[in-house]
Amino acid sequence: MKRPLVAVALCYAAGLLLAEAFQPPLVVLFSSAFTLLFLCVAWSRARPWLLWPLLAAVGWTNLVSRTAVVSPHDLREVMGNSAAIVTVRGILAETPDLRIFVRDEQEAFRSLARVNVFSVKHGDDWQPATGRIVVTTLGELPGQFFAGQRVEITGVLAPPPLPIAPGLFNYRAHLARQEIHYQLKAGSTNDWQLIEPAMDKAPFTDRFLTWARSTLARGLPVEDEALRLRWAMTLGWKTALTGEISEPFMRSGTMHIFAISGLHIALIAGILVSLLRVMQVSRAWCGIIVIPLLWFYAAATGWQSSAIRATIMMSIIVGGWALRRPSDLLNSLAAAALIILLWEPQQLFQASFQLSFFVVLSIAVFLPPLEKVRDRVLQIDPLLPVELLPRWQRAVRAGARVGLTSFVTSLAAWLGSLPLTAYYFHLFSPVTLLANLLIVPLAGLALMSNLGSLICGGWLPWLTELFNHSGWFWMSAMVRSSHVATELPGAYRYVPSPAIVTCLLYYALLIGLMSGWLLAPGRRAWAALGLTLVCFAYLGRWQATRSTVELTILPLGGGHSVLVNAAGRNQDWLIDCGNTNSVEFLLKPFLRAQGVNQVARLALTHGDLRHVGGAEAVMTEFGVRELLTSSVRFRSPVYRRIVATVMSSSRRHTEINRGDEIGPWTVLHPAADDNFSQADDGALVLLGEFHGTRILLLSDLGRRGQEVLLNRSNDVRADLVVTGLPVQTEPVADALLEAIQPKVIIVADSEFPATERARPALRERLEGHGVPVIYARQEGAVTIRVRSEAWHLQTSTGKGITVQGSTATRTESPKPSN
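Residues numbered from 1 in each chain as written. Predicted model: local features only at pLDDT ≥ 70, side-chain atom pairs only at ≥ 80, totals over all residues. Heavy atoms only, no water.

If you tally the helices and strands in the chain, you get 26 helices and 26 strands. The C-alpha atoms of the chain give a radius of gyration of 30 Å, which matches the 28 Å a tight globule of 818 residues would have. Taken over the C-alpha atoms alone, the chain extends approximately 95 × 75 × 70 Å along its principal axes. Buried residues in the chain amount to 47% of all 818 residues. Counting contacts in the chain only where the partners sit at least 6 residues apart, residues at least 24 apart contribute 69% of the total. For the chain, the exposed surface amounts to about 40,100 Å²; the carbon and sulfur share of it is 60%. Separation between the mean location of the 72 positive side-chain charges and that of the 61 negative ones in the chain comes to 11 Å. (Helix = DSSP H or I, 4+ residues; strand = E, 2+ residues; numbered from the N terminus. Rg over C-alpha atoms; globule rule 2.2 N^0.38 Å. Buried < 20%, exposed > 50% of the residue type's maximum accessible area, 1.4 Å probe, protein only. Contact = heavy atoms within 4.5 Å. Areas by Shrake-Rupley, 256 points an atom, 1.4 Å probe, with all protein chains shown as cover. Lys, Arg positive; Asp, Glu negative; His and termini not counted. Charge placed at Lys NZ, Arg CZ, Asp CG, Glu CD.)

Below you can see the structure in the form of structure tokens.
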């Protein structure tokens, strides 16, 4: 077999996929695996056939053994799924990370740590417990808390939160892949204590990183963005990668340069091997020297998963080269993947692992055919010796060859990573092809300068400072290049996550075309027929979804927003947007996950900051073309500034009042001459009709506004009614509910602030009407899909209601556990 480890790694990975889908008892798995092992040893004739299911059984058993609850002291057994105030004792698995975030337009710090728990106090008694937790703490922890220290922490322990809306980052699933099932929120650094015996000296990694940051800053006047990004790229210092700084690199597809990954390890290995070969060191000794140095770098930067993956891969390649073994990139890649997945099987399901290996795999598989295209482009008369060409032509050809080689390499990596970046990051970035051609060489120069600075250190301070200024210059050029790349027309677009079937079809088609298998004379017709059928299937699906109107009610920390997604750009509405924090941390990621790049219309219902405070950010980020408000004047200075800004810009501002119709919506309240003492009473009320289904949006309409609405409107009947919580009164009074006659009531309340929670008296009153009531605080975002024959309501927690004609069906999916 030419590449034996490829088949071995695939069989083992198949076992991991089986473990993800089915988790039988460990006794059954271990018994099956040992039975297969015994048969392989005892039955030599069947061994070639039994080996493959044995590998799958090993993967299956390995993953299930990592995720199953096998101890009565497991935190999942001790704590369950409820939140509780506890005190935990444990050992810091790593030195806490410091994260910077912006809230209310102010920079704040948060410490993030992972702790291996050995006991927990819930109530008055301590009890043994095992498991790893993540601890978040406001502020920066003192330097005495580092990896290996025994600590005692008090806070609220609970399972990590689930995403409140589809498409948002699933923090619980992310931590579960790292075998972390609980998050402890500590109020401040005062909730941390050291347990004796405490360690006096920080581990080598921490001391090295402190020295390295000081060395890389030597000679530079200030600690600015370029210096922090040099720390991030060279040392894996994540504090520098705030959302605002990393966003241009994400959009240009160059964020990978800040992970201690293949680029760093390959460059370091190349520099070391080149230096040793210049000194006439043999291949064997090169391997003996270089491989330990690579592992030293991985250890010094904190044993990051990406660094370990790259170091394993490079150790295999350098080891094979040192031993003069024939190299095979696919076989080496399979060996590295197998070693990593044996050590940590959950990595197969992590985005970083998939991107790393798919990019290298794509280069290995797709680069050879692309290089043939490059050679055809550069081909000259085969009968003309190259030496007879003019010198300038040879120089141009050499430069063109280097440029085209870089381009086809970037193209191969981009083609391989395209579905994954769309699936995990909701991005389609054609500019990646050009950005990597410039930014990756700049990153190489910056990294070489940084390594030169670390090598010179305090021995040659003048040379260290020269390297630091050089590295600062190259990093500044990278930052500027990433910004310029994202400003090019069509540089990137946000897209919804593709289905897994779509990703598999994409890779099958790409591999078939690149390998030439689909283009073989006997298969072209069948390939064309199959591709045509697939296109028709997707066209039919698109046509079916085109007629569907989708509304999403998104709770936003005291306010709520409604996204209306209908066929045609001009039919998309965003009704309210929340405050600035809600826009930054919830609404903006949600809209991007839905593939929304521009908002046609933004409607602001009233002057409450929790509903409209982030409107300026939404208009800037999503290019709102038209702002709709009522004629009622609100006292909120922010609301007035928003309206004034739009009126003085090129954006269109439209005032809508009672009786106006715009698109599918009819304005029921307020009238143009209304004047209320409470802002909630003047909230905009919209009634929409989609395929015969009527949806009433009440915003935070107060009691006085409800009375005016009832007196003026003859017909407010609706199938669904969506309401927030007025500040001083209750929503949807009984008289209004009797007039609406809804099939479902959606109350857009929130966990925080506490005043925005639906009170028990309100819940009791609404339940007395015998109509299903959905509370956003408990169920998260609510998505309503309206078709011509039926409408379906789905919550983030899995509850569903389908109404077809006069028949209603309620469903409830199991709540996700990770």
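Back to the text.
Bringing helix 16 (residues 461-486) into the picture now. Between its first and last C-alpha, helix 16 extends 38 Å over 26 residues, near the 38 Å set by a 1.5 Å rise per residue. Those residues of helix 16 that fall on the buried side of the exposure criterion are T464, N468, G471, M475, M478, V479, S481, S482, A485 and T486. Elements that come into contact with the buried residues of helix 16 comprise helix 6 (204-216), helix 7 (225-235), helix 8 (243-251) and helix 15 (432-456). (Expected span 1.5 Å × (residues − 1).)

Moving on, we get to the packing of helix 13 (residues 351-378) against helix 17 (residues 500-515). Contact geometry for helix 13 and helix 17: axes closest at 9 Å, N-to-C directions at 35 degrees. Counting all contacts with helix 13, which are made through F358, F366, P369 and L370, the residues of helix 17 involved are Y507, L510, I511 and M514. Among the residues making up the contact of helix 13 with helix 17, the classes are represented as eight nonpolar, no polar and no charged. (Axes fitted to C-alpha atoms, helices over the stretch in contact; angles between N-to-C directions. Nonpolar A, V, L, I, M, F, W, Y, C, P; charged D, E, K, R; others polar.)

Quick look at the packing of aromatic side chains now. One pass over the full model with this rule turns up 20 aromatic pairs. Between F169 and Y171, the ring centres sit 6.3 Å apart and the planes meet at 45 degrees, which makes this aromatic pair tilted. Look at F169 and you get exposed, because its relative accessible area is 58%. Between the aromatic rings of F208 and F296, the centroid separation amounts to 6.0 Å while the plane-to-plane angle is 75 degrees, which identifies the pairing as edge-to-face. (Phe/Tyr/Trp six-rings, centres within 6.5 Å; stacked < 30°, edge-to-face > 60°.)

Along the chain, Q594 turns up in the loop between helix 19 (580-593) and strand 13 (601-603). Take Q594: its relative accessible area is 23%, and that puts it in the partly exposed class. For the pair formed by Q594 and H426, sequence separation is 168 residues and the distance between their alpha carbons is 8.2 Å. Setting aside chain neighbours within four positions, we find Q594 in contact with P166, G167, P496 and L563. Within polar-contact distance, the side chain of Q594 engages the backbone oxygen of P166 at 2.9 Å. (Polar contact = N/O pair within 3.5 Å; in protein donor to acceptor, adjacent residues only side chain to side chain.)

Bringing the pattern of salt bridges into the picture now. Considering all chains together, one arrives at 32 salt bridges under this definition. E621 serves as the salt-bridge partner of R251, at 2.7 Å between the closest nitrogen and oxygen. Here R251, found in helix 8, pairs with E621, found in helix 21 (residues 615-622); they are 370 residues apart in sequence, far enough to count as distant. Note on R251: relative accessible area 11%, which makes it buried. A relative accessible area of 29% means that E621 is categorised as partly exposed. Between D734 and R765 there is a salt bridge, and its shortest N-O distance comes to 2.8 Å. Linking D734 in helix 24 (residues 734-740) with R765 in helix 25 (residues 760-767), this pair joins segments that are 31 residues apart in sequence. Under the relative-accessibility criterion, D734 is labelled partly exposed at 33%. Judged by its relative accessible area of 18%, R765 falls in the buried class. Here the residues in one salt-bridge network are E247, R251, R592 and E621, joined through shared partners. (Salt bridge = Lys/Arg side-chain N within 4 Å of Asp/Glu carboxyl O.)

This paragraph deals with the environment of R523. Mapping R523 onto the fold places it in the loop between helix 17 and helix 18 (524-546). When its relative accessible area of 33% is taken as the criterion, R523 is described as partly exposed. Setting aside its immediate chain neighbours within four residues, R523 contacts W517 and L518. There is a polar contact of 3.2 Å between the side chain of R523 and the backbone oxygen of W517.

Another point: the pairing of strand 10 (residues 549-556). For strand 10, the tally of buried residues reaches seven of eight residues, placing the bulk of the element in the interior. The pairing of strand 10 with strand 23 (residues 782-786) spans five bridges and is antiparallel. Within strand 23, the position partnered with E550 by the bridge is R785. Bridge count for strand 10 against strand 11 (residues 559-565) is seven bridges, and the pairing is antiparallel. Directly across from T552, in strand 11, lies its bridge partner L563. Between strand 10 and strand 11, which follow one another and run antiparallel, lie two residues, and G557 among them has a positive phi close to 55 degrees. (Pairing = 2+ DSSP bridges.)

All right, on to the nonpolar core then. Within the largest apolar cluster, 49 residues are counted, with the highest numbers of intra-cluster contacts made by M233, F258 and M478. Broken down by secondary-structure element, the contributors of at least two residues to this core are helix 6, helix 7, helix 8, helix 9 (262-278), helix 10 (283-300), helix 11 (305-322), helix 15 and helix 16. The dominant element in this core, judged by the number of residues it contributes, is helix 15, at eight residues. In this structure, M478 is in contact with M233, F249, I257, I439, L442, A443 and A446, ignoring residues within four places of it in sequence. Of all hydrophobic cores here, the second largest spans 32 residues; its members include I662, L686, I774 and V786. (Core = buried A, V, L, I, M, F, W, Y, C linked by side-chain atoms within 4.5 Å.)

As a further point, take the side chain of T254. Secondary-structure assignment places T254 in the loop between helix 8 and helix 9. Leave out the neighbours within four places in its chain, and T254 touches F249, A435, N436 and I439.

All right, on to the confidence of the model for the chain then. Any residue range with low pLDDT should be treated as having predicted coordinates unsuitable for detailed reading. Across the chain, pLDDT averages 89, with 97% of residues at or above 70. Considering each helix and strand of the chain separately, the mean pLDDT is smallest for strand 26 (residues 807-812), with a value of 66, and largest for strand 20 (residues 720-723), with 96. (pLDDT = per-residue confidence, 0-100.)

The next subject is helix 19. Compared with the 20 Å implied by 1.5 Å per residue over 14 residues, the 19 Å span of helix 19 between its first and last C-alpha is a close match. At L587, helix 19 shows its maximal kink, close to 40 degrees; a proline, P589, follows between one and four residues later. Taken together, the buried positions of helix 19 are occupied by N581, S582, V583, L587, K588, F590, L591, R592 and A593. Where helix 19 starts, the residue carrying a side-chain oxygen 3.3 Å from the main-chain nitrogen of N581 turns out to be N579. Just past helix 19, the residue G595 takes up positive phi, approximately 80 degrees. (Bend = angle between axes of the 7 residues up to and from the residue.)

Another point: a nonpolar patch on the surface. The grouping of F30, F34, L37 and V41 at the surface amounts to a nonpolar patch, some 400 Å² of accessible area in total. Among the secondary structure elements, V41 is positioned in helix 2 (residues 26-42). Accessibility expressed as a relative area gives 60% for V41, which makes it exposed. (Patch = residues over 30% accessible without salt bridge, like charges linked within 9 Å, V, L, I, M, F, W, Y side chains within 5 Å.)

A word on the sheet that holds strand 22 (residues 773-775). With mixed pairing, the seven strands of this open sheet are ordered in space as 16-17-18-19-20-21-22. What marks the edges here is a single partner per strand, and that holds for strand 16 (661-662) and strand 22. Pairing between strand 19 (residues 693-699) and strand 20: four bridges, direction parallel. Pairing of I695 across the sheet is with L720, part of strand 20. Along the sheet face, helix 23 (residues 703-712) touches strand 17 (665-669), strand 18 (685-690) and strand 19 and points at about 115 degrees away from the line of strand 17.

The next thing to look at is the environment of Y171. Within the element layout of this structure, Y171 appears in helix 5 (residues 171-176). In this structure the C-alpha to C-alpha distance between Y171 and W472, which are 301 residues apart in sequence, comes to 34 Å. In this view, Y171 contacts L112, V134, P160, P161 and Q183; residues no more than four positions away in its chain are not counted.

Next up on the list: the state of the cysteines. Under the counting rule described, the total for this entry stands at zero disulfides. Here C40 is not cross-linked by a disulfide; its sulfur's nearest cysteine counterpart is in C11, at 12 Å. C40 sits in the buried class, given a relative accessible area of 5%. (Disulfide = S-S within 2.5 Å.)

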